[in-house]
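Here is what each chain is made of, one letter per residue.
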Amino acid sequence: GGQAVSLLKAKTAKDILARFCFVGIFITENVLHAINFELEVDNMVAPAVAPLPRELAVSLHLVHIVFGLFGAVFVLISGFDTAGRTALTKGTSMMLVFMSTITWTWWINRQGVLYWNLDPYPFWDPRCSAEKRNRTVHILKNISIVGALTILQQMAKYETEALPVRPSFLEGLVTALRPRVPA
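Residues numbered from 1 in each chain as written. Predicted model: local features only at pLDDT ≥ 70, side-chain atom pairs only at ≥ 80, totals over all residues. Heavy atoms only, no water.

Following the criterion strictly, the structure yields five salt bridges and no others. With its nearest N and O atoms 2.8 Å apart, the salt bridge here joins Arg54 to Asp42. With Arg54 in helix α3 (residues 54-77) and Asp42 in helix α2 (residues 37-49), the pair connects residues that are 12 residues apart, well separated along the chain. When its relative accessible area of 35% is taken as the criterion, Arg54 is described as partly exposed. Note on Asp42: relative accessible area 40%, which makes it partly exposed. Here Lys132 and Asp119 are joined by a salt bridge, their closest N and O atoms 3.7 Å apart. With Lys132 in helix α5 (residues 130-162) and Asp119 in the loop between α4 (83-108) and α5, the pair connects residues that are 13 residues apart, well separated along the chain. (Salt bridge = Lys/Arg side-chain N within 4 Å of Asp/Glu carboxyl O. Helix = DSSP H or I, 4+ residues; strand = E, 2+ residues; numbered from the N terminus. Buried < 20%, exposed > 50% of the residue type's maximum accessible area, 1.4 Å probe, protein only.)

For α2, spanning 13 residues, the distance from its first C-alpha to its last is only 16 Å, which falls clearly below the expected 18 Å at 1.5 Å a residue. Asn43 marks where α2 bends most, by close to 30°; the proline Pro47 follows one to four residues later. Taken residue by residue, α2 has Phe37, Glu40, Val41, Met44, Val45, Ala46, Ala48 and Val49 as its buried positions. (Expected span 1.5 Å × (residues − 1). Bend = angle between axes of the 7 residues up to and from the residue.)

The biggest cluster of nonpolar side chains holds 29 residues, and the ones touching the most others in it are Val23 and Phe26. Listed by contribution, the elements that provide at least two residues to this core are α1 (13-35), α2, α3, α4 and α5. The biggest single contributor to this core is α4, with nine residues. Not counting the four nearest positions on each side in its chain, Val23 is found in contact with Ala72, Val75, Leu76 and Met95. (Core = buried A, V, L, I, M, F, W, Y, C linked by side-chain atoms within 4.5 Å. Contact = heavy atoms within 4.5 Å.)

Another aspect to go through is unusual backbone geometry. With omega at 15°, the peptide bond leading from Ala50 into Pro51 counts as cis. Tracing the backbone shows Pro51 in the loop between α2 and α3. At Gln111, a position not held by glycine, the phi torsion is positive, near 55°. Checked against the element boundaries, Gln111 lands in the loop between α4 and α5.

The predicted model of the protein averages 86 in pLDDT, with 86% of residues at 70 or higher. Helix α6 (residues 169-176) is the least confidently modelled element of the protein, averaging 66 in pLDDT, while α2 averages 95, the highest of any element. (pLDDT = per-residue confidence, 0-100.)

On the surface, Ile16, Leu17, Phe20 and Phe80 cluster together into a nonpolar patch covering about 400 Å² of accessible area. Relative to the assigned elements, Leu17 resides in helix α1. (Patch = residues over 30% accessible without salt bridge, like charges linked within 9 Å, V, L, I, M, F, W, Y side chains within 5 Å. Areas by Shrake-Rupley, 256 points an atom, 1.4 Å probe, with all protein chains shown as cover.)

A word on the side chain of Thr89. Checked against the element boundaries, Thr89 lands in helix α4. Overall, Thr89 belongs to the buried group, its relative accessible area being 18%. Ignoring sequence-local partners within four residues, the contact set of Thr89 consists of Gln153, Ala156 and Lys157.

Structure follows, in structure tokens:
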């Protein structure tokens, strides 16, 4: 009997391209976050977490960048072997943290102005401001991305349970990146 092939394994160029299309924006976005770090901390993240200290904003923005980049890279490498299961599980977890926190700091509490304080109208009302409509679109898009990430994560977990295999070298490398918890 041959070894079971993962449904998550990239079998064609289309599979690899799909992964790049899905996470390419996260890589681009997080490189830009790193380049514009101080400006974004001062103008976006710190006001969104106020009155908490700026140090928290710096830490949160570092989490955005690290989790966004590592999560995206893990999704990219997920197509190569059984490491895909681990990479998708860990990568999607990191990207879910990124999506949740970035949605708060960039769209719900943008520059310290809460979404629901923008104007008294629902987003479908013609009197609603363009700013509130724009934020609504981004919040809904991010909710959609969270749903897609969760689907991928669950598929990876279900496959791991249904088709256990010996960890590959790449899977060992991905797993080795997690912190060790003393027993």
